[in-house]
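Read off the chains here:
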Amino acid sequence: MVAEYFDESLILMKDLFCWSLDDFVYVSLNKRSTDSVKSVSVETTVRMREWNSGDVMLYEYFNHTFWEKVHAFGLDRMQEEVKLLREKRDAVYEMCIEKQADNTPRMWHPLGIKVGDFILKKGAENNHLCKRMTRPELLYTDMLRKLQYQKFKRTSLKNF
């Protein structure tokens, strides 16, 4: 996966797993607001690339293999599937999201950094999909741990 081409990466994963687009629809939660992103000078960028040369090599290798996979998938096909994924994402957003808000109490954020969260539309609070799509990562992780623990307990008891 390449972050700059996240949607395209999801399409390749969808194809690899033989899943549907619905399995990959997402909303960008916990995303830093654009006014919290600081730009760096060209000189700093060069120094960072030198300092992190191993990471740069890894990134360049996987970026190259990513584009090989995109070309093998087909550029026109990729463009069409990305369009469909974004349409589905926009439909979920339209169904669920009232507005975006920064630094809500339920979303962890570093001091001085604005992190996006969503306010659900009235009625969407009871929609399973809307709740899951907008649940913050820490709450989602906690929910998954509880589900896994319950499954473990049921499975462990059957083995005795």
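This text goes with the structure placed above it.
All figures in this text were calculated on a predicted structure; none of them were measured in a lab.

K.L.:
Explain the packing of helix α2 (residues 42-51) against helix α3 (residues 53-73) to me, and be specific about the residues and the numbers.
P.N.:
Between α2 and α3, the least distance of the axes is 5 Å, while the angle of their chain directions is 90°. Relative to α3, the element α2 lies roughly perpendicular. Along the contact surface, α2 presents R49, E50 and W51, while α3 presents S53, V56 and E60. Class assignment for the residues of the contact of α2 with α3 results in two nonpolar, one polar and three charged.

K.L.:
Can you break down the pairing of strand β2 (residues 116-120) residue by residue, with the values?
P.N.:
Burial analysis of β2 places four of its five residues in the buried class, which makes it a mostly covered element. Where strand β1 (residues 97-102) meets β2, five bridges bridge the pair, whose relative direction is antiparallel. Its bridge partner being in β2, A101 is matched across the sheet by D117.

K.L.:
Describe the nonpolar core, naming the residues involved and giving the relevant values.
P.N.:
Across soluble globular proteins, nonpolar side chains have a tendency to be buried as a group. Judged by nonpolar contacts, the single largest core of 24 residues is most densely connected at I11, L12, M78, L85, V92, C96 and L120. A total of five residues in this core trace back to one element, the largest contributor, which is helix α4 (residues 75-96). Ignoring any residue separated from it by four or fewer positions in sequence, one finds L85 in contact with D7, L10, I11, L21, F24 and V25.

Cut-offs applied
Residues numbered from 1 in each chain as written. Predicted model: local features only at pLDDT ≥ 70, side-chain atom pairs only at ≥ 80, totals over all residues. Heavy atoms only, no water. Axes fitted to C-alpha atoms, helices over the stretch in contact; angles between N-to-C directions. Helix = DSSP H or I, 4+ residues; strand = E, 2+ residues; numbered from the N terminus. Parallel < 35°, antiparallel > 145°, perpendicular 65-115°, else oblique. Contact = heavy atoms within 4.5 Å. Nonpolar A, V, L, I, M, F, W, Y, C, P; charged D, E, K, R; others polar. Buried < 20%, exposed > 50% of the residue type's maximum accessible area, 1.4 Å probe, protein only. Pairing = 2+ DSSP bridges. Core = buried A, V, L, I, M, F, W, Y, C linked by side-chain atoms within 4.5 Å.

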